[in-house]
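Coordinate analysis (summary)
Spelled out from the first residue to the last, the chains are:
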Amino acid sequence: MMTNTQIRAFARNQLRGHWGTIIGACFMVVLSMTVYTAVLYVIGVFGILAPIFEGFSTGILPLQHSSSLLVQTLMGIVIAALLILGIALYAGLSLGLQKLYLDIARGRQVRVMDVFRGFQDPMHGLHFFGTILIVWLIQIALQLPLFYIGFRFGTDIFDYRVTQTITSVIVYIVTLYLSMAAFASADHPSMTMGQAFKTSFHLMRNKKTKLFGLYLSFFGWMLLTILTCGIAAIWVQPYISESITIFYLSAYSSDYQSKVEDAEYREVEDADYREVQEAEAHANTAWNEAEGSSTPQAQAGQQASPRSFEDVRQEYVKDDVKTNTEEGEKP
């Protein structure tokens, strides 16, 4: 398992040359969600104002009650459809962005439009969103006692503050246990939600403090984001996300190299993961052929696609050691 210092250094190394791509992908996510929110807002405002316009129009041209009911029904159907579309949009974009971070960590060629790959497999998107949703529901359920005390007795009493502190600690510990579930789900298309949570619990058995330390190591960067009114987040957020992704891959690789006797847990690595690698290698090869396989970028993509994260990491370690040795030998 890599140290937190190595994880951050490796994240910076893998992002080198990909900053434009990842920032562009994040922009596409923000733009897509902004357009969706604007459309939903306009439809919602129209639905609220519809009765007003209806009352105004009845003073000029009488409207039948059936026509009014039809308009309200259609508005309800449209809003419900937009809400479902929003969930699908969020799930697909989140999955595509996470797969992009995984590809960058593995040294693969990526493009801005790869952020929309999360829509290629609806079932994978459903499992991924379901995993995130369950994490949210667990976090909310753990805070129900706090909500009850605050509603029943107020938020100014001593019991509420004690409950708030205890609840915050419990929620954070549980969140650390569940933190790798979304990564595992994004990494393995056929992995069920149950397998994703089992994988997360398995990986985080002895790594909760390590992950907490990794989060703390970004305190200075988060402070810089606040001081720059969020401008620095354009670079800080991809850096943090890539580092956490590499933490997952390092923990996953390290855990499977150990002699863990769990056939059900290992079957994801033995079957599903190889299937994913072969599919992604085939997709990258097809893309390289379309772009022109004679270009150096395409050849690099063909060479990089079959490599595992461990291969890329070992290559990085060897290059880093070689560079440090050469610098040490200089007079």
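Residues numbered from 1 in each chain as written. Predicted model: local features only at pLDDT ≥ 70, side-chain atom pairs only at ≥ 80, totals over all residues. Heavy atoms only, no water.

**Comments concerning the overall build of the protein**
Counting its regular elements, the protein contains 14 helices and zero strands. When each of the 331 residues of the protein is scored for burial, the buried share is 39%. Long-range contacts, defined as pairs at least 24 residues apart, comprise 77% of the intrachain contacts of the protein with a sequence gap of at least 6. In the structure as shown, the protein presents an accessible area of about 18,900 Å², 67% of it carried by carbon and sulfur atoms. (Helix = DSSP H or I, 4+ residues; strand = E, 2+ residues; numbered from the N terminus. Buried < 20%, exposed > 50% of the residue type's maximum accessible area, 1.4 Å probe, protein only. Contact = heavy atoms within 4.5 Å. Areas by Shrake-Rupley, 256 points an atom, 1.4 Å probe, with all protein chains shown as cover.)

**Quick word on the nonpolar core**
In this structure, L97, M180, L211, I246 and Y248 are the most contacted members of the largest nonpolar core, which totals 51 residues. When residues no more than four places from it in sequence are discounted, the contact partners of I246 are M2, I7, F10, A11, A105 and F309. (Core = buried A, V, L, I, M, F, W, Y, C linked by side-chain atoms within 4.5 Å.)

**What to know about the packing of helix 1 (residues 4–15) against helix 9 (residues 208–216)**
Taken N-terminus to C-terminus, the directions of helix 1 and helix 9 make an angle of 50°; their axes are 10 Å apart at the nearest point. Classified by the interaxial angle, the pair formed by helix 1 and helix 9 is oblique. For the pair helix 1 and helix 9, the sense of crossing is right-handed. Along its contact with helix 1, which presents N4, I7 and R8, the element helix 9 presents K210, G213 and L214. A breakdown of the residues in the contact of helix 1 with helix 9 according to their chemical character gives two nonpolar, two polar and two charged. (Axes fitted to C-alpha atoms, helices over the stretch in contact; angles between N-to-C directions. Parallel < 35°, antiparallel > 145°, perpendicular 65-115°, else oblique. Left-handed = near helix turned anticlockwise from the far one by under 90°. Nonpolar A, V, L, I, M, F, W, Y, C, P; charged D, E, K, R; others polar.)

**Some details on a nonpolar patch on the surface**
On the surface, a nonpolar cluster with roughly 560 Å² of combined accessible area is contributed by L133, W136, L137, I140, L144 and F147. Those elements that provide at least two residues to the nonpolar patch are helix 4 (122–142) and helix 5 (144–153). Residue placement: L133 occurs in helix 4. Exposure remark for L133: the relative accessible area of 33% places this residue in the partly exposed category. (Patch = residues over 30% accessible without salt bridge, like charges linked within 9 Å, V, L, I, M, F, W, Y side chains within 5 Å. Salt bridge = Lys/Arg side-chain N within 4 Å of Asp/Glu carboxyl O.)

**A closer look at unusual backbone geometry**
Not every positive phi belongs to a glycine, and C229 is a case in point at roughly 55°. Mapped onto the secondary structure, C229 falls in the loop between helix 10 (219–227) and helix 11 (233–257). Classification of C229 as exposed rests on a relative accessible area of 73%.

**Topic: the packing of aromatic side chains**
Overall, the coordinates contain nine aromatic pairs when judged by the stated rule. For the pair F116 and F119, a centre-to-centre distance of 6.4 Å together with 25° between the ring planes defines the contact as stacked. We classify F119 as partly exposed; its relative accessible area is 37%. Ring geometry for Y177 against F201: centres 5.3 Å apart, planes inclined by 25°, an arrangement best described as stacked. (Phe/Tyr/Trp six-rings, centres within 6.5 Å; stacked < 30°, edge-to-face > 60°.)

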